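# Summary of the model geometry
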Amino acid sequence: MQILQYIINGIALGSVYALISTGFSVIFNVLKFSNFSHGALMTLSAFVGYFIAASNGWGLVPTIIVAVITGCLVALFGELLAFRRILIRNTSPIYFFVSSITLGTLFEGIVVLKVGANFYNYPRFFGKPLHLGSLIISQSDIIIFCISAFALIVLAFVIQKTKLGRALRSVSFDRDTASLMGIDVTRTIQFAFIISGALAGLAGVFLGINYTLYPTLGSLVVKGFIASVIGGLGSLPGAIIGAMLLGIMETALISTIGSGYAPVFTFLIMLVFLLVRPRGIAGSNIQEKA
Amino acid sequence: MSLYTHILTQILITVVSVAGVFVLTGMTGMFSLGQAAFMAIGAYTSGILVTKLSLPVYVAWPAAVVLAVAVGFIVGLPTVRLRRDYISLVTLGFGEAITALLNRATAITGGASGLTGIPKITTLPMAIVSAVLVIALIMFFKRSKYGRQCIAVRSDELAAKSMGINVPKVKMIAFLISVAVTAYGGCLYAFYTAYVDPTLFGWKKSAEWVIMVFFGGVNSLTGSVLSTFVLSGLPEVLRFLQNYRAIIYAVLVLLIINFKPAGLLGEWELTPANVKRLIARSGQPKRTKEVD
């Protein structure tokens, strides 16, 4: 029974991690770099959601919508400010990395400007937890899981079935060839940033509900990174599976050894994973391409 | 001690750590977001050995560096064979793990309230000598066989491999050298401020160092040292701007990366030959603008 409880709580936690890791992987796929501004983007959208919607007494859904739209817009702005020129000049991809870290600092600086070092709480959106026998399931977990699952299904549909999704996949595969085939590469990359921003906004609100809102909330993005590494860097299904596994392992670890040491063990698990199966669960390209 | 001596000493200690990051990021093209955690290992190990076990400093500091290198080897082992993205993600996780460990192991590390009572040993002359020695060492490394192999790996890993360079080995050497140097910076730091706590060594610090290396010029140690002075001095000068500081800092760095991707100095190094060439050139009438 205890194990079942871990799995239920773990899946709820994992679904938020899955939003983070897929948002990160979409950009990784297209531009082949780790977007370290993703965490700060989550914080920024969560705070905008709080100040525009939640603090005015609006419900959960309007808050999510505001945060998601903010995420999309800010991600687009970030692409223009930090990545467009690097892309056009075709300079080494390592510049994306530095640019993304700096962009993250910028977003976080903006948040700190508004809120200082204070903590904020979303209003209580949910009622009492449900009891099923000896299992306890909180309503927030159920709703977060359902919305996340819905968002990920929509994402899978868009990427697999629509024209834009096909363009996205071909640009990920080979940017130059895609451009020669008549695909507007810049537009497609903007599309990838919109997806990533929307996922970041959603994840930001859920993290804010699960914990509290504070300016360095974005550092939880590291969970998304670890999930992507476990699942296989750049693979979307891998990112989701890795996130679920991480969520369950973490829930189990927190209730057995306490939340303090949990990061140490998740790190060790990641290290062991890399030694045993470096490609991750889904298997992805792990060697530097020419 | 005057304020300027204080700021200068702190900047010099940062120079030591940034020089370590230069080997990793500037020369080999790998990004570590857990570099500050290695500084923490250096700082905490040396501090604990001296305060709790009352070992002499000349035993504690080398022991701290050796421990950091050993830990670095374990962290590096699975990652050096993979794409370079992995090392930044793994070191990021490593940094979080070290912070958690330092916060929890209260009996040994003092937990969140920090490790106190470390004797104050580091002085300004000592920081100057350390910085100069470390810079000389890394300059020497850059010119050695391994240094040139590092640069080859950064430029094109596949080509380097086909030229017979043992890529994982070169990456590991660069990683361990940077870890050793950064850990030494940690020793200097702990014995200067006489107090360390876990919040000093987050991934933000590592990211700051990476930015400093890029700001100065990816392949120029001179540039890295120069930008360390500029970028660590800047927040002191801009102190009156308070929270706007981070934003100005970020915008400035974004501008440099976008409009002058080679950094301030590009590949230029401060060597006698280069200085002579610079002086000779400034004497001549202005030439047409070089194409970059």
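Parameters and conventions
Residues numbered from 1 in each chain as written. Chains lettered and ligands numbered in written order. Predicted model: local features only at pLDDT ≥ 70, side-chain atom pairs only at ≥ 80, totals over all residues. Helix = DSSP H or I, 4+ residues; strand = E, 2+ residues; numbered from the N terminus. Rg over C-alpha atoms; globule rule 2.2 N^0.38 Å. Buried ≥ 20, exposed ≤ 12 C-beta atoms within 10 Å, placed from the backbone. Contact = placed C-beta atoms within 7 Å. Expected span 1.5 Å × (residues − 1). Nonpolar A, V, L, I, M, F, W, Y, C, P; charged D, E, K, R; others polar. pLDDT = per-residue confidence, 0-100. Axes fitted to C-alpha atoms, helices over the stretch in contact; angles between N-to-C directions. Parallel < 35°, antiparallel > 145°, perpendicular 65-115°, else oblique. Left-handed = near helix turned anticlockwise from the far one by under 90°.

Scanning chain B from terminus to terminus reveals 13 helices and zero strands. Counting from the amino terminus, chain B carries its helices and strands in the arrangement α-α-α-α-α-α-α-α-α-α-α-α-α. Taking 2.2 N^0.38 as the reference for a compact globule, 292 residues should give roughly 19 Å; the C-alpha atoms of chain B span a radius of gyration of 20 Å, in line with that estimate. Along the first, second and third principal axes, the C-alpha set of chain B runs to 65 × 50 × 35 Å. Taking all 292 residues of chain B together, 50% fall into the buried category. When contacts within chain B are restricted to residue pairs at least 6 apart in sequence, those whose partners lie at least 24 apart make up 81%.

Across its full length, chain A carries 11 helices and two strands. A globule of 290 residues ought to have a C-alpha radius of gyration of about 19 Å, and chain A, at 19 Å, matches this closely. A principal-axis box enclosing the C-alpha atoms of chain A has dimensions of 60 × 50 × 35 Å. Per-residue burial for chain A yields a buried fraction of 53% across its 290 residues. When contacts within chain A are restricted to residue pairs at least 6 apart in sequence, long-range pairs at least 24 apart make up 75% of them.

It is worth spelling out helix α2 (residues 35–51) of chain B at this point. Taking 1.5 Å of rise per residue, the 17 residues of α2(B) would be expected to cover 24 Å, and the 24 Å separating its terminal C-alpha atoms lies within 8% of that figure. A large share of α2(B) lies buried, amounting to 14 of its 17 residues.

In this section: the interface of chain A and chain B. Between chain A and chain B, the contact holds 39 residues from the first and 37 residues from the second. The biggest single contributor to the side of chain A that touches chain B is helix α4 (residues 94–115) of chain A, with 14 residues. Split into classes, the residues belonging to the side of chain A that touches chain B amount to 29 nonpolar, eight polar and two charged.

Our focus in this paragraph is the confidence of the model for chain B. For chain B, per-residue confidence averages 85 on the pLDDT scale, and residues scoring 70 or more make up 95% of the total. Counting contacts from residues 286–292 of chain B, a segment whose pLDDT is below 50, to residues more than four positions away or on other chains yields zero contacts.

Attention now goes to the packing of helix α2 (residues 38–52) of chain A against α4(A). Residue and element names in this part refer to chain A. For the pair α2 and α4, the least separation of the axes is 8 Å and the interaxial angle reads 30 degrees. Taken together, the axes of α2 and α4 lie roughly parallel to each other. When the axes of α2 and α4 are compared, the crossing they make is left-handed. The segment α2 lies against α4, with G39, A40, L41, T43, L44 and F47 engaging G104, F107, E108, I110, V111 and V115.

In this section: unusual backbone geometry. Even without a glycine there, the phi angle at K32(A) is positive, about 60 degrees. Among the structural elements, K32(A) can be located in the loop between α1 (2–31) and α2.

Checked against the element boundaries, I147(A) lands in helix α5 (residues 139–161). When the C-alpha positions of I147(A) and S92(A) are compared, they lie 38 Å apart, and in sequence the two are 55 residues distant.

This part covers helix α3 (residues 57–79) of chain B. For α3(B), spanning 23 residues, the distance from its first C-alpha to its last is 33 Å, which sits close to the expected 33 Å at 1.5 Å a residue. Of all the positions in α3(B), only A60(B), W61(B), A64(B), V65(B), A68(B), G72(B), V75(B), G76(B) and T79(B) are classed as buried. The secondary structure elements touched by the buried residues of α3(B) are α11 (262–276) of chain A together with α2, α4 (84–104) and α9 (167–193) of chain B.

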